[in-house]
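In case you want the letters, here they are:
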Amino acid sequence: MAKVLLLGGSGLIGRELLRLLQLDPRVSRIVAPSRRPLLPGNKLFNPLGDNLTSLVVALDEPIDLLFCCLGTTRKQAGSAQAFRAVDYDLVVDCAKAARELGARHCLAVSANGADAHSRFLYNRTKGEMELALMQQGWPLLTLVRPSLLVGKRHPPRLLEQLSAPLFKMLPGKWKAIDSDVVAKALQEQAFNAGLGGITVLESNEIAASIEDL
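Quick notes on the rules
Residues numbered from 1 in each chain as written. Predicted model: local features only at pLDDT ≥ 70, side-chain atom pairs only at ≥ 80, totals over all residues. Heavy atoms only, no water. Helix = DSSP H or I, 4+ residues; strand = E, 2+ residues; numbered from the N terminus. Buried < 20%, exposed > 50% of the residue type's maximum accessible area, 1.4 Å probe, protein only. Contact = heavy atoms within 4.5 Å. Areas by Shrake-Rupley, 256 points an atom, 1.4 Å probe, with all protein chains shown as cover. Expected span 1.5 Å × (residues − 1). Patch = residues over 30% accessible without salt bridge, like charges linked within 9 Å, V, L, I, M, F, W, Y side chains within 5 Å. Salt bridge = Lys/Arg side-chain N within 4 Å of Asp/Glu carboxyl O. Pairing = 2+ DSSP bridges. Axes fitted to C-alpha atoms, helices over the stretch in contact; angles between N-to-C directions. Polar contact = N/O pair within 3.5 Å; in protein donor to acceptor, adjacent residues only side chain to side chain. Phe/Tyr/Trp six-rings, centres within 6.5 Å; stacked < 30°, edge-to-face > 60°. Lys NZ or Arg CZ within 6 Å of the ring centre and 35° of its normal. Parallel < 35°, antiparallel > 145°, perpendicular 65-115°, else oblique. Left-handed = near helix turned anticlockwise from the far one by under 90°.

The protein has the name Semialdehyde dehydrogenase NAD-binding domain-containing protein in an unreviewed UniProt entry, where Rahnella ecdela is given as its organism.

## As for the overall build of the protein
Helix and strand counts for the protein stand at 8 helices and 9 strands. By the burial criterion, 49% of the 213 residues in the protein qualify as buried. Here the contacts in the protein between residues at least 6 apart in sequence split such that 68% fall between residues at least 24 apart. For the protein, the exposed surface amounts to about 10,600 Å²; the carbon and sulfur share of it is 56%.

## Looking at helix α7 (residues 179-191)
With 13 residues, α7 extends 19 Å from end C-alpha to end C-alpha; this agrees with the ideal 18 Å at 1.5 Å per step. All buried positions along α7 are accounted for by Ser179, Val182, Ala183, Ala185, Leu186, Gln187, Glu188, Gln189 and Ala190.

## As for a nonpolar patch on the surface
On the surface, a nonpolar cluster with roughly 300 Å² of combined accessible area is contributed by Leu131, Met134, Ile198 and Val200. Contributions of two or more residues to the nonpolar patch are made by α5 (121-134) and β9 (197-202). If you trace the backbone, Met134 turns up in helix α5. A relative accessible area of 33% means that Met134 is categorised as partly exposed.

## Thoughts on the sheet that holds strand β3 (residues 44-45)
With parallel pairing, 7 strands are arranged side by side in an open sheet as β3-β2-β1-β4-β5-β6-β9. Each having just a single partner strand, β3 and β9 make up the two edges of the open sheet. Inspection of the sheet shows strand β4 (residues 65-68) paired to strand β5 (residues 105-109) by 4 bridges, in the parallel sense. Residue pairing across strands places Phe67 opposite Leu107, the latter belonging to β5. Taken strand by strand, α5 contacts β5, β6 (140-145) and β9, and its axis lies near 170 degrees from that of β6. The sheet strands contacting α7 are β1 (2-7), β2 (27-31), β4, β5, β6 and β9, and the helix crosses β5 at an angle near 165 degrees.

## Focus on the side chain of Gln187
Tracing the chain through its elements places Gln187 in helix α7. Taking the relative accessible area as the measure of exposure, Gln187 reaches 4% and is therefore buried. Engagement of the side chain of Gln187 in a polar contact is seen with the side chain of Asp24, the distance being 2.9 Å. The residues contacting Gln187, other than those within four sequence positions of it, are Leu17, Leu20, Leu21, Asp24, Arg26 and Phe67.

## As for the packing of aromatic side chains
Two aromatic rings are characterised by how far apart their centres lie and by the angle between their planes. Evaluated as defined, the whole model comprises 1 aromatic pair. The side chain of Arg84 reaches across the aromatic face of Tyr88, ending 4.3 Å from its centre. The positively charged end of Arg99 is found above the aromatic ring belonging to Trp138, 5.6 Å away from the centroid.

## Section: the packing of helix α1 (residues 12-23) against α7
Orientation of α1 relative to α7, taken along the N-to-C sense of each, is 50 degrees, at an axis distance of 8 Å. It follows that α1 is oblique to α7 by the angle criterion. As α1 runs across α7, the sense of the crossing is right-handed. Between α1 and α7, the contacting residues are Leu12, Ile13, Glu16, Leu17, Leu20 and Leu21 on the first element and Ser179, Asp180, Val182, Ala183, Lys184, Leu186 and Gln187 on the second.

## Describing the side chain of Asp24
You can see Asp24 is positioned in the loop between α1 and β2. Other than its neighbours up to four places away in sequence, Asp24 contacts Lys43, Gln187 and Phe191.

## Re the environment of Leu107
With respect to the secondary-structure elements, Leu107 resides in strand β5. Leu107 sits 26 residues away from Leu133 along the chain, and the two C-alpha atoms are 10.0 Å apart. Look past the residues within four positions of Leu107 in its chain and what remains in contact with it is Leu65, Leu66, Phe67, Cys68, Thr142, Leu186, Gln189 and Ala190.

## Overview of the pattern of salt bridges
A full pass over the atoms with the stated rule returns 10 salt bridges. Note that Arg145 and Glu130 form a salt bridge whose closest N and O atoms lie 2.7 Å from each other. Here Glu130 lies in helix α5 and Arg145 lies in strand β6, a separation of 15 residues in the sequence. With relative accessibility at 4%, the residue Glu130 sits in the buried group. The network of salt bridges with shared partners includes Asp24, Arg26, Lys184 and Glu188.

Here's what the structure looks like:
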């Protein structure tokens, strides 16, 4: 049975993933550090603090799997620097700490269009985050790149609400995807990812990865 570290358990994907992991008999313990308390639940240990990296570094129990669902926007963060602090620094630093705790599989939410050479801050940061995780030497690394996420955010994002109907009609990897589908794919990839290596799932491949199992 797996001991899991979940980052971003209060977010759109993280909330559903937490629910799925609590119901999963393959999971024995879920460590989910956060700034605000998560709803109490089965198997859950929820250390609290403003500095998530410090919370992860302070852990002294072995971890098998890391799920990273962290993410924000430049608008939410308040500046380009603050955005990068979450979507790059926090992800990479926590992943390094999890690796040192023995985790062998990192599953991280990236984004459609992730590209370390992009001129767009969001896409470039996501691409640089992916490269940094690849350089950490994970035996298993799964990166999912969802397009526009559909789900109930708290608080809601007006632009996403207005864009969702249009993105639902787009083809291929540009089509909007339900956050619950992404969470389910992460759960199943954790236990069906093969013997090693890097798996990258584009948005249109995420749902298919569940159907193929």
